[in-house]
Structure formats: structure tokens, C-alpha cells
Amino acid sequence: MRQNIFEKIDRGERLARDEIVALLNLADAAEREALYQKAYAIKRQRVGTTVYFRGIIEFSNYCVKDCFYCGIRKSNPHVERYQMTLDEIVNVALWAHQRQYGSIVLQSGERSDPAFADFIEQALLRIRDGSGGELGITLSLGEQSDETYQRWFDAGAHRYLLRIETSNPELYAKLHPADHSFERRRACLDSLRQIGYQVGTGVMIGLPFQTTEHLADDILFFQQQDIDMIGMGPYLPHHDTPLAAHVAAAPDFEERQLAAGLNMIAVARIVLQDVNIAATTALQALRHNGRELGLLAGANIIMPNLTDTQYRAAYQLYQNKPCLDENATMCQACLEGRIALIGETVGYGKRGDSPHFAARS
Ligand code: SAH
Ligand code: SF4
């Protein structure tokens with residue numbers, strides 16, 4: 001079956017759901033390598049081998065939500081809560097601009113109070129002014145009203161990352177309290193698109209209760225929703241969360257999560273072709289060179305951490321977050337070396353917008 005599917009990919013034919021499932025299930029090392037090479041060839045042809053940076057600023061861990069998997073959920077009393085000041089955020093963003101990072105991401109726990117909307121608007125306006133409008137700005141601030149999304153767009157944000165977490169409503173319900181709504185989250189993706197954002201979404205891979213069929217449906221969901229950017233990564237348990245109790249202990253847990261994450265990147269590249277796909281930090285948490293493996297499996301975006309080291313330990317969505325004590329300058333040097341080692345280059349000074357977005361607008 002595998003050979004037939006690979007030939008179908010070479011002919012540029014659309015894959016059926018059971019073929020996507022079969023690719024995601026590949027476990028043999030040589031077969032997986034062949035899958036990644038197919039995905040890499042498509043990446044080279046459709047988006048190129050320049051890696052674009054999105055420097056991520058995790059500016060606050062206050063959150064009003066209670067997702068069962070997340071270390072900074074509001075019911076976790078063991079987290080020291082912090083919020084960077086406006087000046088701190090703007091300074092880090094402009095540092096990134098000076099260092100030729102084409103784009104940044106502002107990420108935090110979710111808040112929807114008016115003071116928060118104002119705060120973000122102020123940050124966006126100052127970053128836009130300070131960078132002469134050059135710096136690409138992605139927001140990853142959860143579910144908001146249409147009005148808030150519009151205000152932030154008008155203030156200079158032009159991409160938004162809102163993971164659907166899973167495209168299966170029943171699985172979504174198992175991962176969240178009853179007042180967290182799958183439909184509402186899905187509707188947010190529509191609003192973002194309508195306002196004009198480049199829309200990013202994604203899922204966690206290897207969750208308790210999740211099947212390969214769920215993951216295949218996630219990729220088809222990205223396709224149906226005409227998504228521009230994908231940010232997805234392996235699920236990593238956090239001991240202070242309810243979901244961790246459902247993780248079956250296995251000596252090869254990390255290896256399996258890593259393989260599942262890489263297979264998912266490769267198949268997403270093959271099916272979605274010209275979207276931007278991030279090699280996320282969760283891959284690096286599983287293996288020191290996990291992000292490079294992600295690039296070799298079809299990803300083309302990396303999100304170097306710009307958060308000041310004094311805050312990093314308090315922003316742990318999952319355990320074993322890497323590089324807790326490395327500052328942004330060290331991260332940049334380390335990454336540049338790693339990317340050169342796999343024969344790719346960094347797109348310094350460029351935004352690296354999603355070619356898929358350019359094609360649809
Ligand atoms: N509060 C915002 C953004 C911060 S959370 C939001 O939820 O959209 C960003 C992402 O971290 C989430 O979308 C989720 O997919 C991921 N995440 C949370 N806990 C995780 C865990 N234990 N393992 C892997 N990813 C996790
Ligand atoms: Fe809050 Fe996002 Fe974590 Fe959910 S995933 S608890 S919304 S920070």
C-alpha cells in the first residue's frame with residue numbers, strides 16, 4: 001500500500017482519508033525516512049528551504065481558562081503568575097527587529113477583559129511605529145470577540161495563531177471543562193479569516209484518547225478551513241494537570257511522541273502543500289535536535305524564544321521545556337548553527353508570509 005500512496009503523491013493526486021491514516025501510522029524507520037523525503041521535496045518546491053523566524057514573547061501566564069492539559073491553567077495553584085510591562089514587551093520586539101528577525105509572536109494565557117484588549121492594542125501600535133511597520137506580528141491570545149480581533153488587526157497584527165487543539169468535538173470535550181466550547185473556537189477561526197488575518201491553527205499530537213483517524217481528520221480540517229499556517233506539536237504531560245493521569249507510562253513514550261509529531265508534519269506538508277508549518281519547541285523538548293528533524297520532515301518556520309529568562313520557568317505549558325536558562329542572543333546563535341548544519345538558511349529581515357495566503361488573497 002505504501003508504494004501506491006507514494007506514487008500517488010508523485011502524480012500530485014489527492015490522498016484519501018485511509019491513505020492519510022496509513023502514512024501517519026508508518027513506524028518503520030526506513031519507511032518514515034522515505035515519507036520525510038517526499039515531504040521535503042514538496043517543501044523545497046512549494047515554499048523553499050529558507051527558514052523564517054517568529055520570535056516568540058510569552059508575555060504573561062495569567063489565564064482565565066482551565067484546559068485539562070495545560071500547566072498554566074487557572075486552577076493550577078503552583079504557578080507563579082507574571083505579566084511583562086508594556087515597555088518590556090516593546091523593547092523585546094524592537095530588539096528582534098534590530099536583529100533582523102522578520103516576525104514576532106505575542107503569546108499569553110487567555111484574558112478577555114477590556115484592559116487586556118487595550119494593553120495589546122497599545123503594544124501593537126508601539127511595535128508598529130518602532131519598527132516602521134516592517135516587523136511581522138502574529139498574535140496567539142486565544143478566543144476574543146470580533147471587535148477585539150478587528151481592533152488588534154487595525155493596530156498592526158496581521159497573523160493569528162489559534163489552535164483548534166483537535167478537530168473532533170467529542171475529543172475536544174474530553175480535554176476541556178464543559179464551559180469551553182469547540183464551536184466557539186471554530187467560529188473564531190472564521191472571524192479571523194473574515195477580518196483579513198493570515199490564519200494559523202493546529203492540534204496537539206499524541207493526546208490521551210486520540211486515534212490516528214482523529215489526526216487524519218485534523219489534516220482534512222486544515223484543508224477544509226483553507227488554513228494558511230500550521231503550528232502543531234506533540235502533547236507533553238504536565239504533572240499538575242488532570243490530563244496527565246490519563247497518560248499510560250511507557251519507556252518509549254518520548255520516541256513515540258516525537259515520531260508522531262514528525263509524521264504529522266510530513267503528511268500535513270504533503271496534503272496542504274504551500275502553507276507555512278512550524279517546527280515547534282515541543283519537538284525540541286523531546287529531542288535536542290527535534291526542531292531540525294521537523295524542518296527535514298517538511299516544516300519551514302521556527303519560533304525562537306525571546307522571553308526573558310526570569311519568566312521562562314513560569315511559562316511551562318508542559319514539563320521539560322528546553323533552554324530555560326538561555327537568553328535570546330544565545331538562542332539565535334545556537335539556532336543559526338543548527339539550521340546551517342542541515343543545509344538551510346535563515347530568512348533574516350524577511351517576513352516569510354504564507355504562500356498559501358498570498359495565493360488565496
Ligand atoms: N492561551 C492561548 C495561547 C497559549 S497556549 C491559547 O490557548 O490559544 C498555546 C498552545 O499550547 C495551546 O494551543 C496548546 O496547543 C499548547 N499546549 C498547552 N498545553 C500543552 C501540553 N501539555 N503539551 C503540548 N502543548 C500544549
Ligand atoms: Fe490557558 Fe491557552 Fe493553557 Fe488553555 S492552553 S489553559 S487557554 S494558556
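Small disclaimer: the values here were computed from a predicted structure and weren't measured. (Residues numbered from 1 in each chain as written. Chains lettered and ligands numbered in written order. Predicted model: local features only at pLDDT ≥ 70, side-chain atom pairs only at ≥ 80, totals over all residues. Heavy atoms only, no water.)

Caption draft 1: Representation of unusual backbone geometry in the model. Within the chain, Phe 209 stands out as a residue other than glycine whose phi angle is a positive 75°. Here Phe 209 is to be found in the loop between strand S6 (204-205) and helix H9 (212-224). Phi is positive for Cys 323, which is not a glycine, with a value near 60°. (Helix = DSSP H or I, 4+ residues; strand = E, 2+ residues; numbered from the N terminus.)

Caption draft 2: Up close: the site of ligand 2. All residues adjacent to ligand 2 are Cys 63, Lys 65, Cys 67, Tyr 69, Cys 70, Ile 72, Arg 73 and Gly 109. Counting atoms within 2 Å of the grid points, the majority share of ligand 2 lands in the largest cavity. Among the residues forming the shell around ligand 2, the class breakdown is five nonpolar, one polar and two charged. (Near = heavy atom within 4 Å. 1 Å grid on protein atoms, 1.4 Å probe; cavity = no way out; pocket = protein on both sides within 12 Å on 5 of 7 lines; lining within 4 Å. Sits in = over half its atoms within 2 Å of the grid points. Nonpolar A, V, L, I, M, F, W, Y, C, P; charged D, E, K, R; others polar.)

Caption draft 3: How the structure looks around the packing of H9 against helix H10 (residues 253-272). It is at 10 Å that the axes of H9 and H10 come closest, and there the two elements cross at 35°. Crossing of H9 over H10 shows right-handed handedness. Listed contacts from H10 to Leu 215, Asp 218, Ile 219, Phe 222 and Gln 223 of H9 are Met 264, Val 267, Ala 268, Val 271 and Leu 272. (Axes fitted to C-alpha atoms, helices over the stretch in contact; angles between N-to-C directions. Left-handed = near helix turned anticlockwise from the far one by under 90°. Contact = heavy atoms within 4.5 Å.)

Caption draft 4: Quick look at the pairing of strand S7 (residues 229-234). Burial analysis of S7 places six of its six residues in the buried class, which makes it a mostly covered element. In terms of strand pairing, strand S5 (residues 198-201) meets S7 through two bridges, oriented parallel. Considered in S7, the bridge of Thr 201 is made with Ile 230. Of the crossover connections in this fold, the one passing from S6 over H9 to the parallel S7 is right-handed. The pairing of S7 with strand S8 (residues 276-279) spans four bridges and is classified as parallel. By the bridge assignment for S8, Gly 231 is matched with Ala 278. With respect to chirality, the unit in which S7 leads through H10 into the neighbouring parallel S8 is right-handed. (Buried < 20%, exposed > 50% of the residue type's maximum accessible area, 1.4 Å probe, protein only. Pairing = 2+ DSSP bridges. Right-handed = clockwise from strand over helix to strand, strands pointing away.)

Caption draft 5: Spatial organisation of the layout of surface pockets. Considering only enclosed or pocket space, the largest pocket measures out at about 500 Å³ in volume. Taken together, 25 residues make up the lining of the largest pocket; nearest its centre are Gly 206, Thr 212, Arg 256, Gln 257 and Ala 260. The element contributing the most residues to the lining of the largest pocket is H10, with seven residues. (Points joined across faces, edges and corners; volume = space filled by probe spheres on them.)

Caption draft 6: View of the side chain of Glu 165. Structurally, the position occupied by Glu 165 is in the loop between strand S4 (159-161) and helix H7 (169-175). Of the polar contacts made by the side chain of Glu 165, one reaches the side chain of Arg 185; its length is 3.4 Å. The contacts of Glu 165, once residues within four sequence positions are left out, are Tyr 69, Tyr 172, His 176, Arg 185, Gly 202, Val 203, Met 204 and Leu 207. (Polar contact = N/O pair within 3.5 Å; in protein donor to acceptor, adjacent residues only side chain to side chain.)

Caption draft 7: Representation of the pairing of S5. Neither face of S5 is left uncovered, since the one carrying Gln 198 and Gly 200 and the one carrying Val 199 and Thr 201 both have all their residues buried. Relative to S5, S4 runs parallel, the two being bridged by three bridges. In the sheet register, Arg 159 faces S5, and the bridge partner there is Gln 198.

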